[in-house]
Amino acid sequence: MARSRPQEPENSNSNELIIQDEKGDRIHATIGRHVMRIFKIKVHEMGLYVMKNFVVGPNNLKIKTNKHKLKLTFPHRASVNEINNPRFSLNIFNFNPYEYLINQFEVDENELFDVIGEVIDHGNVESYNQDDKTSIFMNLELEDHEYACNHELN
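A brief structural summary. The structure displayed is predicted, hence computed values, not measured ones.

1. Some remarks on unusual backbone geometry
And step 1. Positive phi, normally seen in glycine, also occurs at Met46, with a value near 70°.
And step 2. Relative accessible area serves as the criterion here: at 31%, Met46 is assigned to the partly exposed category.
And step 3. Non-glycine residue Asp131 carries a positive phi angle of around 55°.
And step 4. Tracing the backbone through its elements, the reader meets Asp131 in the loop between strand E8 (118-130) and strand E9 (133-143).

2. Quick word on the packing of aromatic side chains
And step 1. Using the criterion set out here, one finds two aromatic pairs in the structure.
And step 2. Consider the rings of Phe39 and Phe74, whose centres lie 5.4 Å apart with planes at 65°: the pair is edge-to-face. Taken together, the residues span a long stretch of sequence, with Phe39 in helix H1 (residues 33-39) and Phe74 in the loop between strand E6 (70-73) and strand E7 (79-82) at a distance of 35 residues.
And step 3. What makes Phe39 buried here is its relative accessible area of 1%.
And step 4. With centroids separated by 6.3 Å and ring planes inclined at 45°, the aromatic side chains of Phe54 and Phe74 adopt a geometry described as tilted. Of the two residues, Phe54 sits in the loop between strand E4 (48-52) and strand E5 (55-58) while Phe74 sits in the loop between E6 and E7, which places them 20 residues apart along the sequence.
And step 5. Linked through ring pairs, Phe39, Phe54 and Phe74 together constitute an aromatic cluster.

3. Section: the side chain of His28
And step 1. In this structure, His28 sits in strand E3 (residues 26-32).
And step 2. Overall, the relative accessible area of 4% leaves His28 in the buried class.
And step 3. Looking at His28, its side chain comes within polar contact range of the side chain of Glu16, at 2.6 Å.
And step 4. Looking at His28, its side chain comes within polar contact range of the side chain of Thr65, at 3.0 Å.

Cut-offs and rules
- Note that residues are indexed from 1 along each chain, following the sequence as it is written.
- The predicted nature of this model means local features are confined to residues of pLDDT at least 70 and side-chain atom pairs, given and counted, to a pLDDT of 80 or more, with totals for whole chains, interfaces and linings taken over all residues.
- Computation of side-chain values: all heavy atoms of the structure, hydrogens and water removed.
- The cut-offs for exposure are 20% and 50% of the maximum accessible area for each residue type, with area from a 1.4 Å probe on protein chains only; residues under the lower value are buried, those over the upper are exposed, and the others partly exposed.
- Helix and strand assignments come from DSSP, with helices taken as H or I runs of at least 4 residues and strands as E runs of at least 2, each series counted from the N terminus.
- Side-chain rings of Phe, Tyr and Trp, where Trp is taken by its six-membered ring, are said to pair if the distance between their centres is within 6.5 Å; with planes under 30 degrees apart they count as stacked, over 60 as edge-to-face, and otherwise as tilted.
- Under this definition, polar contacts are N or O atom pairs within 3.5 Å; protein pairs additionally need one hydrogen-donor-capable and one acceptor-capable atom, and for neighbouring residues in sequence, both atoms have to be side-chain atoms.

In structure tokens:
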């Protein structure tokens, strides 16, 4: 059993999902454009499913949605059946404390995580050019229940 949380921008080449099993473990999954029409009507955000016949491969994504070393891909022969189990424990957030966010030596910039806080002030939108790449950023002042921090976020 797994809960899915698809991310589906318009006209995308794939649907990207985070799938959680009954133990709380998570894995990244991809539904490619060639099979999207099959699974678009079967897989919905926050749905609970029994899934079979997906392809398991290495997680070579630059931006990691979780720490799992593998990822799933849905081929034509994959089977997805929605079920109902009110006892399934869904944990959709991956919280880290503010200290992790502001500690530039330990934070993995290629891993996604959640922080609860409030933007209490912001600066102007600025750009930074390095080589042939332009980065846009804004200084934000964030505050949580423990303390405020001032950090530059891209």
